[in-house]
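Listed here are the chains, written in short residue letters.
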Amino acid sequence: MTTVTGEAPADRGGVLGQPLDSREDPQLLRGEATYVADIDLPGTAHMAILGSPVAHARILSIETKAAEQLPGVLKVATAADFADVMPLPCIWIPGGVESHFPPHPYGLPGARPVLTGDTVRHVGDPIAVVVAETPRQAAAALAAIAVEYEPLPVVTRADEALADGAPQLHEAVPGNLNAYWTCGDKDRTDAAIAAAEVTVELDLVNQRTINSPIEPRGAVGDYDPATGEYTLYASTQGPHNHRFLLAALVLGIPFNKLRVIAPTVGGSFGTKGYLYPDMPLVLLLSKALGRPVKWVDTRTGLMNSTVQGRDHRQHVTLAGTRDGRITAVRCTSYANLGAYPSTIGPGVATALMGRSISGMYDIDAAFCEVYAAFTNTVSLGAQRGSGRAEAAFLMERLVDRYASEIGMDPAAVRRKNLVPKEKFPYDNGLGWTYDSGNYQLNFDKAIELSGYADMSARKAEARTRGKRLGVGIATYVAICGVGPSTRMSQEGMLGGTWESANIRVHPTGEVTVTVGSASTGQSHGTVFAQVAADELGIDPETVQVHEGDTQKAPYGQGTYGSRSYSMAAPAVALTARKLKAKLVRAGAVFLGVPEDKVVYEGGAIHEEGNPENTKTFAELAMAMWYGWGLPPEIEPALDETTHFDPPDFNYPFGTHVAVVEIDELTGETEVVAYTAVDDAGNIGNPKIVQGQIEGSIVHGLGQALLEVAEYDENGRLVSADLGHYALPRAADVPFFALDKTVTPSPHNPLGAKGAGEIATVPPAAAVVNAVVDALSDLGVRHIDMPLTPEKVWRRLRGESQ
């Protein structure tokens, strides 16, 4: 159960801001939605992928004849079969600095080949594929492929990959260094640290974690020899982007010969915006065999092939005065990109983290440097809150360490350093300009709601039960709303990041909204219908929403980075306003009055001062369908499109407070209370956002307490299934106390800020701060995540980390 305060619907008389039920949920809950695994085209054959069992080795030979002879096998293919296929590209590079990548024929940064033919670089690196009549036959044939390897040394940590003599992964990347990237003012920061009254330092491991959507990835390729057209059904959060990358940069086919369809996608958390080898493989093999080819991953397959998250090793420093004023923050981070650059991995590991380290604080000097390196692990990519969660973790751990050093209450230190509302828009000195906010109001609300003033008494009471109670605070600012396109190009994005929407009004007055984005579970169909209905003044039940099919939807960049409501929804709103403007112009003709006397209100037009002279929305739709009597400058029909590219990002923020109890006998940590006050600007549907906030908090608690992608010394992923990779369950989370503040963004017409993933950003810091608080009298200053009972138990007994 969650206690929600401050959630009164917006009293605007419209449907936007109302907590409508998600129209998508019933089919999801009843199991009626269609995922990639449910798509069975006539004549479908099934593909299985052979991944490397070793982390680093030369391939000496591959023998496939035995597999080819097995029942049901249609084709066995290796890298030699795809020699004319271009490697997958990387399209977000560290901006403004020299970087090194595997090559691509177009001079772009290359990522990886569709199949590896010479050297494998991580466990799971795809070597060969089998296509057979059934999935079981395809999987069985993999065991008959004989591969001879020459083992090579392995490295799995970014800092160790940069050391002299470390194993070399790519010939084109000397020393495994993809890029050395910086932001902020180094000299000013170092001088402030040198002159400070107080400095505190921490060595942090923001551990690698594995995205675990309920639905693993899948792809179905279907080639039509009659038209020369390809169709890809894939669990993708960016169908238009994947269409472009596959057609132009991998397959080398005309753009209009590829159609990408995203059916229902069962969660992503950042993993399904990437280009993976299976996508071109099913298309190429469909053409080769003349049949649709289908591939669906397993859970262990996902863990060894799909991008993983976080993975920074950092040395961080904070400087300040004895009375609690922070004067500088500095970070040196080693980011582990994995064996190959993923589609946007290098950008995630640098800009999103580095430019965000100062959080909600007004700090005079800040600097961050990132060494991004390749290792023998699965590629790094986005994970819910990526970059921003790592930044918040280091900053909030430092603030608590600083407060302890100077003997001040951590809440008092934070309150003293918040960016004052008078300073907005606020340049954080690291590259971001915060759009709007009232941090003081937000912070005070969270502190009060959490009962922070009563924690001393609660600590004393807990000790009578053999428990140690601790409280941890974490604030955050989470850049969202990716584009704007030009700004993103400066950050190294090799492509546009605008969004689009089309609205078509049918002759009977029903409306179809089609967006370029694609949902992975954010209830786009509900919320975008609310936006259109609110703008047009009509019943949202008359609005249908389409997305996810590149043949039908206007171009768009997809859903990621909490961008859909602040990028696609404004496109919907602006399109609806175009329609209203057209109806006012046409309405002047229909009503027989001057245009400036036409009033659009409540889904109808009427003559100003004469409400009897009116036309309803349905009447207008039919009139525009006929087009009778319209002057030449007004086209018939109602069909408009908008491409929205904002002037800048948006910056949601918030304050979270975690309360934990630690069992003194077992070391087990229980989160007994959790308070979150978030600010996502104007919210379109508070019920849906509440679900996103709750899920995000649980996600963050998972990293703090349970989750770690653990590689052994040979580069083997030990935690490669859900028996060895712990995820939070309902019993692991407390009741939440949620509230909000609202500071609209000036960068889009809805005043919206990102919401979907923002609450993932602070929980890890809040929980670790709480645990360290509970153990502070034992001299504990830090514990690396995840905070397993064993780790905490050892610290209770005085062992060092």
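Residues numbered from 1 in each chain as written. Predicted model: local features only at pLDDT ≥ 70, side-chain atom pairs only at ≥ 80, totals over all residues. Heavy atoms only, no water.

Student: Give a detailed account of the overall build of the chain, specifying residues and quantitative values.
Tutor: Looking only at helices and strands, one finds 20 helices and 31 strands in the chain. Projected onto its principal axes, the C-alpha positions of the chain cover 85 × 70 × 50 Å. Taking all 801 residues of the chain together, the buried fraction comes to 60%. Of the contacts made within the chain by residues no fewer than 6 positions apart, 80% connect residues no fewer than 24 positions apart. Carbon and sulfur atoms make up 52% of the accessible area of the chain, which amounts to about 29,400 Å² in all. Across the chain, the centroid of the 65 positively charged side chains sits 2 Å from that of the 94 negatively charged ones. (Helix = DSSP H or I, 4+ residues; strand = E, 2+ residues; numbered from the N terminus. Buried < 20%, exposed > 50% of the residue type's maximum accessible area, 1.4 Å probe, protein only. Contact = heavy atoms within 4.5 Å. Areas by Shrake-Rupley, 256 points an atom, 1.4 Å probe, with all protein chains shown as cover. Lys, Arg positive; Asp, Glu negative; His and termini not counted. Charge placed at Lys NZ, Arg CZ, Asp CG, Glu CD.)

Student: If you had to explain a nonpolar patch on the surface to someone new, which residues and values would you point to?
Tutor: Together, M622, W625, Y626 and W628 make up an exposed nonpolar region whose accessible area comes to about 530 Å². Following the sequence through the fold, W625 ends up in helix α17 (residues 617-626). For W625, a relative accessible area of 54% corresponds to the exposed category. (Patch = residues over 30% accessible without salt bridge, like charges linked within 9 Å, V, L, I, M, F, W, Y side chains within 5 Å. Salt bridge = Lys/Arg side-chain N within 4 Å of Asp/Glu carboxyl O.)

Student: Go over the sheet that holds strand β7 (residues 119-120), please, and point to the residues and values.
Tutor: Across the sheet, three strands lie side by side as β7-β3-β9; this open sheet has antiparallel pairing. Because the sheet does not close on itself, it has two edges, and the strands there are β7 and β9 (146-151). Sheet topology note: the strand β3 (residues 57-63)/β9 ladder contains six bridges and is antiparallel. Bridge assignment links A57 to a residue of β9, and that residue is P151. (Pairing = 2+ DSSP bridges.)

Student: Let's hear about the pattern of salt bridges: which residues, and what values?
Tutor: Counted by the stated rule, this structure contains 45 salt bridges. D400 is paired through a salt bridge with R414; the nearest N and O atoms lie 2.8 Å apart. With D400 in helix α10 (residues 388-406) and R414 in helix α11 (residues 410-417), the pair connects residues that are 14 residues apart, well separated along the chain. Per residue, the accessibility class of D400 equals that of R414, and both read buried. Residue E535 is joined to K580 by a salt bridge in which the shortest nitrogen-to-oxygen separation is 3.5 Å. Of the two residues, E535 sits in helix α15 (residues 524-536) while K580 sits in helix α16 (residues 564-591), which places them 45 residues apart along the sequence. The class of E535 is buried, set by a relative accessible area of 11%.

Student: Help me get a handle on the state of the cysteines, residues and values and all.
Tutor: What we call a disulfide is simply a covalent bond connecting the sulfur atoms of a pair of cysteines. For the coordinates displayed, the defined rule picks out zero disulfides. Summary of cysteine pairing: C90 is not part of a disulfide, and the nearest cysteine sulfur, belonging to C183, is at 19 Å. Residue classification places C90 among the buried residues on the basis of a relative accessible area of 1%. With no disulfide of its own, C331 lies 3.9 Å from the sulfur of C368, the closest cysteine sulfur. (Disulfide = S-S within 2.5 Å.)

Student: I'd like a rundown of the pairing of strand β13 (residues 229-234), residues and numbers included.
Tutor: With five of its six residues buried, β13 lies for the most part within the structure. Joining the antiparallel neighbours strand β12 (residues 218-224) and β13 is a turn of four residues, in which G228 adopts a positive phi near 75 degrees. Pairing analysis gives four bridges linking β13 to strand β14 (residues 258-261), with the strands arranged parallel. Residue L232 lies in a different strand from β14, and its bridge partner there is V260. Note that the unit made of β13, helix α6 (residues 239-251) and β14 has a crossover that is right-handed. (Right-handed = clockwise from strand over helix to strand, strands pointing away.)

Student: Just give me the short version of unusual backbone geometry, but keep the residues and values in it.
Tutor: Peptide bonds are trans in most cases, and residues, glycine excluded, mostly fall at negative phi. The peptide bond linking F424 to P425 adopts the cis configuration, its omega dihedral lying at -5 degrees. Within the element layout of this structure, P425 appears in the loop between α11 and β19 (426-427). In this chain, M785 is followed by P786 through a cis amide linkage whose omega measures -5 degrees. In this structure, P786 sits in the loop between α19 (763-775) and α20 (789-796).

Student: A description of the side chain of E757 should follow, citing residues and the corresponding values.
Tutor: Mapped onto the secondary structure, E757 falls in the loop between β31 (736-740) and α19. Assessed through its relative accessible area of 9%, E757 is described here as buried. Separated by 2.7 Å, the side chain of E757 and the backbone nitrogen of G385 make a polar contact. In contact with E757, other than residues within four places in its own chain, are R384, G385, R388, G561, S562 and S696. (Polar contact = N/O pair within 3.5 Å; in protein donor to acceptor, adjacent residues only side chain to side chain.)

Student: For the UniProt feature "domain: Aldehyde oxidase/xanthine dehydrogenase a/b hammerhead" (unreviewed entry) in the chain, give the residues involved together with the corresponding values.
Tutor: As annotated in UniProt, the feature "domain: Aldehyde oxidase/xanthine dehydrogenase a/b hammerhead" (unreviewed entry) corresponds to residues 30-153 in the numbering used here. Taken end to end, residues 30-153 is 10% helix and 32% strand, and its first and last C-alpha atoms sit 49 Å apart. (UniProt positions renumbered as here; feature names shortened; annotations may be inferred.)

Student: So what's going on with α11? Which residues, and what values?
Tutor: Those residues of α11 not exposed but buried are A411, V413, R414 and N417. Taken around the axis of α11, the buried residues stretch over an arc of 160 degrees, which confines them to a single face. Packing partners of the buried residues in α11 comprise β17 (326-336), α10, α12 (439-450), β21 (467-477) and α19. Between the side-chain oxygen at the start of α11 and the backbone nitrogen of A411 there is a gap of 2.7 Å, and the oxygen is on D409. (Arc of directions from axis to C-beta.)

Student: Describe the packing of α10 against α11, listing the residues and the values that go with them.
Tutor: Where α10 contacts α11, the two axes come as close as 9 Å, and the packing angle between them is 115 degrees. Between α10 and α11, the interaxial angle falls into the category roughly perpendicular. α11 is crossed by α10, and the crossing has right-handed handedness. The residues of α11 that touch α10, namely those facing E396, V399, D400, Y402, A403 and I406, are P410, V413 and R414. (Axes fitted to C-alpha atoms, helices over the stretch in contact; angles between N-to-C directions. Parallel < 35°, antiparallel > 145°, perpendicular 65-115°, else oblique. Left-handed = near helix turned anticlockwise from the far one by under 90°.)

Student: Can you tell me about the packing of aromatic side chains, naming the residues and giving the values?
Tutor: Aromatic ring pairs: the centre-centre distance and the angle between the two ring planes describe each pair. One pass over the structure, following the stated rule, counts 13 aromatic pairs. One aromatic cluster is present, formed by F424, Y426, W432, Y434, Y439, F649, Y651 and F653 through successive ring pairs. (Phe/Tyr/Trp six-rings, centres within 6.5 Å; stacked < 30°, edge-to-face > 60°.)

Student: Help me get a handle on the sheet that holds β13, residues and values and all.
Tutor: Read from one edge to the other, the open sheet built from seven strands follows the order β4-β8-β2-β15-β12-β13-β14, with strand pairing classed as mixed. A single partner strand is all that each edge strand has here, and the edge strands are β4 (73-78) and β14. Strand-to-strand, the axes of this sheet are offset by a mean angle of 20 degrees, without reference to chain direction. Strand direction decides the pairing type here: β12 and β13, joined by six bridges, are antiparallel. Within β13, the residue paired with G221 across the bridge is L232. The strands that helix α3 (residues 135-142) touches are β2 (45-51), β4 and β8 (126-132); relative to β2, the one it contacts most, it runs at about 25 degrees. Contacting β13 and β14, α6 crosses the sheet at an angle of about 150 degrees to β14.

Student: Describe the environment of L142, naming the residues involved and giving the relevant values.
Tutor: Its place among the elements puts L142 in helix α3. Excluding residues that lie within four positions of it along the chain, L142 makes contacts with A48, I49, L50 and V130.

Student: Summarise the packing of α11 against α12; cite the residues concerned and give the values.
Tutor: Contact geometry for α11 and α12: axes closest at 10 Å, N-to-C directions at 165 degrees. In terms of orientation, α11 and α12 fall into the roughly antiparallel class. For the pair α11 and α12, the crossing hand works out as left-handed. Side by side, α11 and α12 meet where A411, R414 and R415 of the first sit next to Q440, F443, D444 and I447 of the second. For the contact of α11 with α12, the per-class residue count stands at three nonpolar, one polar and three charged. (Nonpolar A, V, L, I, M, F, W, Y, C, P; charged D, E, K, R; others polar.)

Student: With reference to specific residues and values, describe the confidence of the model for the chain.
Tutor: For the chain, per-residue confidence averages 96 on the pLDDT scale, and 98% of positions sit at 70 or higher. Within the model, the stretch residues 6-10 combines pLDDT values under 50 with 10 contacts to residues more than four positions away or in other chains. (pLDDT = per-residue confidence, 0-100.)

Student: Break down α6 for me, citing the residues and quoting the values.
Tutor: With 13 residues, α6 extends only 16 Å from end C-alpha to end C-alpha; this falls clearly short of the ideal 18 Å at 1.5 Å per step. A bend of about 25 degrees at L245 is the largest found in α6. In terms of residue burial, α6 counts as a mostly covered element, since 10 of its 13 residues are buried. Turning to α6, the residues buried within the fold contact β5 (88-89), β13, β14 and α7 (278-289). (Expected span 1.5 Å × (residues − 1). Bend = angle between axes of the 7 residues up to and from the residue.)

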